[in-house]
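These are the residues of each chain, in order.
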Amino acid sequence: MKKIILYLTFVTVSIAAIAQINESYDSQRDDDDIRTLVGQSNAVGGYGGISMQYTKLDDRDAFVFGARGGLILGHMITVGLGGSGFFNDVHYDSNIGADISLAGGYGGFFFEPVLMPKLPVHVSFPVLIGAGGAAVVSVNKDNNFWEDNFKSEASDAFMVIEPGIEIELNVTNFFRFCFGAYYRYTSDVNIQYPLEYQVPVNILRGFSGGVTFKFGKF
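Computed from a prediction, not measured in an experiment: that's the story for all the values here.

A. Up close: the overall build of the protein chain. Helix and strand counts for the protein chain come out as 1 helix and 12 strands. Going from N to C terminus, the protein chain has its helices and strands arranged as α-β-β-β-β-β-β-β-β-β-β-β-β. Here the protein chain, with 218 residues, has 42% of them falling under the buried criterion. Expressed as a percentage of contacts within the protein chain between residues at least 6 apart in sequence, the contacts between residues at least 24 apart total 65%.

B. Representation of the pairing of strand β5 (residues 77-88) in the model. The side-chain alternation of β5 yields one buried face, formed by Thr78, Gly80, Gly82, Ser84, Phe86 and Asn88, and one unburied face, formed by Ile77, Val79, Leu81, Gly83, Gly85 and Phe87. Sheet topology note: the strand β4 (residues 60-73)/β5 ladder contains 12 bridges and is antiparallel. Note on β5: the bridge partner recorded for Phe63 is Phe87. Between the end of β4 and the start of β5, which pair antiparallel, lie 3 residues, with Gly74 showing a positive phi angle near 60°. Bridge analysis of β5 against strand β7 (residues 98-115) gives 11 bridges, and the strand direction is antiparallel. Across the sheet, Phe86 pairs through a bridge with Gly104, a residue of β7.

C. Seen up close, the side chain of Ser101. Within the secondary structure, Ser101 is located in strand β7. Apart from residues no more than four positions distant in its own chain, Ser101 is found in contact with Phe87, Asn88, Asp89, Val90, Ala135, Val136 and Val137.

D. Structural view of unusual backbone geometry. Of note, the phi angle at Asp58 is positive, near 60°, even though the residue is not glycine. Counting through the fold element by element, Asp58 comes out in the loop between β3 (46-57) and β4. By relative accessible area, which is 26% here, Asp58 ends up partly exposed. At Asp59, a position not held by glycine, the phi torsion is positive, near 60°. With respect to the secondary-structure elements, Asp59 resides in the loop between β3 and β4.

E. How the structure looks around the packing of aromatic side chains. According to the stated counting rule, one finds 12 aromatic pairs in the structure shown. Measuring from centroid to centroid gives 5.7 Å for Phe109 and Phe111, while their planes differ by 40°, and the two rings are tilted. Within the aromatic cluster, the residues linked to one another by ring pairs are Phe175, Phe177, Phe179, Phe213 and Phe215. Over the ring of Phe110 we find Arg68; its NZ or CZ atom is 5.6 Å from the centre of that ring.

F. Structural view of the nonpolar core. Counting 23 residues, the largest nonpolar core has Phe86, Leu102, Ala134, Phe158, Ile191 and Leu204 as its most contacted members. Contributions of two or more residues to this core are made by β3, β4, β7, β9 (127-139) and β10 (150-170). Sorting elements by how many residues they give to this core places β7 first, with 4 residues. Among residues more than four places away in sequence, those in contact with Ala134 are Phe86, Leu102, Ala103, Gly104, Ala154, Ser155, Asp156, Phe158, Val189, Ile191 and Leu204.

G. Local environment of a nonpolar patch on the surface. The grouping of Met52, Tyr54, Phe63, Phe65 and Phe87 at the surface amounts to a nonpolar patch, some 460 Å² of accessible area in total. Counting residues per element, the ones that place at least two in the nonpolar patch are β3 and β4. The partly exposed category is assigned to Met52, whose relative accessible area is 40%.

Conventions adopted
Residues numbered from 1 in each chain as written. Predicted model: local features only at pLDDT ≥ 70, side-chain atom pairs only at ≥ 80, totals over all residues. Heavy atoms only, no water. Helix = DSSP H or I, 4+ residues; strand = E, 2+ residues; numbered from the N terminus. Buried < 20%, exposed > 50% of the residue type's maximum accessible area, 1.4 Å probe, protein only. Contact = heavy atoms within 4.5 Å. Pairing = 2+ DSSP bridges. Phe/Tyr/Trp six-rings, centres within 6.5 Å; stacked < 30°, edge-to-face > 60°. Lys NZ or Arg CZ within 6 Å of the ring centre and 35° of its normal. Core = buried A, V, L, I, M, F, W, Y, C linked by side-chain atoms within 4.5 Å. Patch = residues over 30% accessible without salt bridge, like charges linked within 9 Å, V, L, I, M, F, W, Y side chains within 5 Å. Areas by Shrake-Rupley, 256 points an atom, 1.4 Å probe, with all protein chains shown as cover. Salt bridge = Lys/Arg side-chain N within 4 Å of Asp/Glu carboxyl O.

Right, here's the structure in full:
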């Protein structure tokens, strides 16, 4: 909990600094248009986006698929909701005679300060704060695909804070493409799995990287 409070303090100070930089930047510009790679726009509103990320969970390849959407305030900050689902590579557990994977999801409130948003290429700092759940899931390959093919063997809930940094491209007036890096910090995940696979309490903590596609009025 202390680490989460420190993260929140750091984020608050960072937002204040970014707002000051943006204010100074705006005061030096003669126009209020957002510059894009193929034109200009002064639209303000909101966006919806989808993301795909790669990470490691318990030293196994894992993928995170997410979505978020929110309201843009003054070009400089977005507030809204976001969520993600994840799973790592399937591996065999001889004790139950089935393949297993760690899977789950999380979501919550997010805010996203943007540094110099009127430039065609700029930087944003999305931060998600929320909660989620993770489970060890077994896969029964003998079942028909449409039957109960997946079974949760053990699960637990957790809190999460996920700050990130994104390089954002204003491709058009309504589309932005982002490259991002993120750090996922969670409370301890206590999955009591008594079989062959032992789940570390910090299994979900770590870095990830990926791309985000944003559509809306910027």
